[in-house]
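Topology and contacts: notes
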Amino acid sequence: MKKFFTIIAILSLCAAAFALDVDVVFDEGVSYAQVTRVEKLTDRSNFVRENMMIGAYFTTKTVGLPLVDLELDVSAYYPFYQAFNGMEQHPRNVVNYAFDSYFGAYYDYDYFKYVIFSGSLGMHYMYQLTDEWHMNYLGLGLTIGFELPVSPGWTIINRNFVSLDNPNLGQNKNIQKFEGCYSYHINLGVRYSRRVRNEYSYIKGGS
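What comes next concerns the included structure.

About the cut-offs
Residues numbered from 1 in each chain as written. Predicted model: local features only at pLDDT ≥ 70, side-chain atom pairs only at ≥ 80, totals over all residues. Heavy atoms only, no water. Helix = DSSP H or I, 4+ residues; strand = E, 2+ residues; numbered from the N terminus. Buried < 20%, exposed > 50% of the residue type's maximum accessible area, 1.4 Å probe, protein only. Contact = heavy atoms within 4.5 Å. Core = buried A, V, L, I, M, F, W, Y, C linked by side-chain atoms within 4.5 Å. Pairing = 2+ DSSP bridges. Phe/Tyr/Trp six-rings, centres within 6.5 Å; stacked < 30°, edge-to-face > 60°. Lys NZ or Arg CZ within 6 Å of the ring centre and 35° of its normal.

**A word on the side chain of S151**
- When you line up the elements, S151 lands in the loop between β7 (134-149) and β8 (154-166).
- By relative accessible area, S151 is classed as buried at 6%.
- With near-sequence residues (within four places) excluded, S151 lies in contact with N198, S201, I203 and S207.

See below:
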């Protein structure tokens, strides 16, 4: 499932870009994620498990498609904090990690020229290795963010991403089934492009 989703997303993005002769830009940076899984119980309060993770992201975006453009975001995370019903838990496995991907259609709102707002809607997939399971999540994601055009070539990027996922695609589904999962991500990064330039920027001229 993981490989299939990623391959389809990459092929779709590349096909759209090359078929319509549009530009592609890349940005990268650091990322923070908080993942919350809820296990519903009938005889007591629900179990809530949280993971807070830090990592890095890489995004590929088309520029110039009709109506909306496409973006593919890939992230890698290491969990630095986990909790069960609000209480901190110490991991048994120190090599836990997660890989996250998002493929969606986005739209830029550049009315203010020097602050460009962006939003997108698409499909989200994440693989996470926990102490108990190989978790696979699949669901819908929504991003809202902004870009600051520092110079004609350089841009500072902020993206805030939320998702609602089905976490029962992995080994846990027959033993420990979760009611649902939601996650929140914050990306902070930069973009440099020689081909797609910022028409308005804080620093005129230069790279």
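After that view of the structure, there is still more to cover.
**Notes on the nonpolar core**
- Ranked by size, the top nonpolar core spans eleven residues in total: A33, V35, M53, Y77, A98, M126, W133, M135, Y137, F178 and C181.
- When residues of this core are traced back to their parent elements, those giving at least two are β1 (23-39) and β7.
- Each residue touching A98, except ones within four places of it in the same chain, is listed here: M53, S75, A76, Y77, M126, Y127 and Q128.
- The next biggest cluster of nonpolar side chains, apart from the first, holds five residues, and it includes V22, L65, L72 and F103.

**Concerning the pairing of β8**
- The pairing of β7 with β8 spans twelve bridges and is classified as antiparallel. Counterpart to I144 in the pairing with β8 is N160.
- Taking the residues between adjacent antiparallel strands as the criterion, β7 and β8 are bridged by four residues.
- Summarising the sheet, β8 and strand β9 (residues 180-192) pair through twelve bridges and their orientation is antiparallel. What sits directly across from N158, in β9, is L188.

**Quick look at the packing of aromatic side chains**
- Summed over the entire model, instances satisfying the criterion amount to 13 aromatic pairs.
- Both rings, one in Y109 and one in Y111, keep their centres 6.2 Å apart while their planes meet at 20°; by these two values the pair is stacked.
- Considering the side-chain rings of Y109 and F112, the 6.3 Å spacing of their centres and the 75° angle between planes classify their relative orientation as edge-to-face.
- Residue Y109 is classed as partly exposed on the basis of its relative accessible area of 41%.
- Three or more aromatic residues joined by ring pairs make a cluster, and in this case those are Y109, Y111, F112 and F117.
- Of note, R37 hangs over the ring of F178, and the distance from its end group to the ring centre comes to 5.4 Å.

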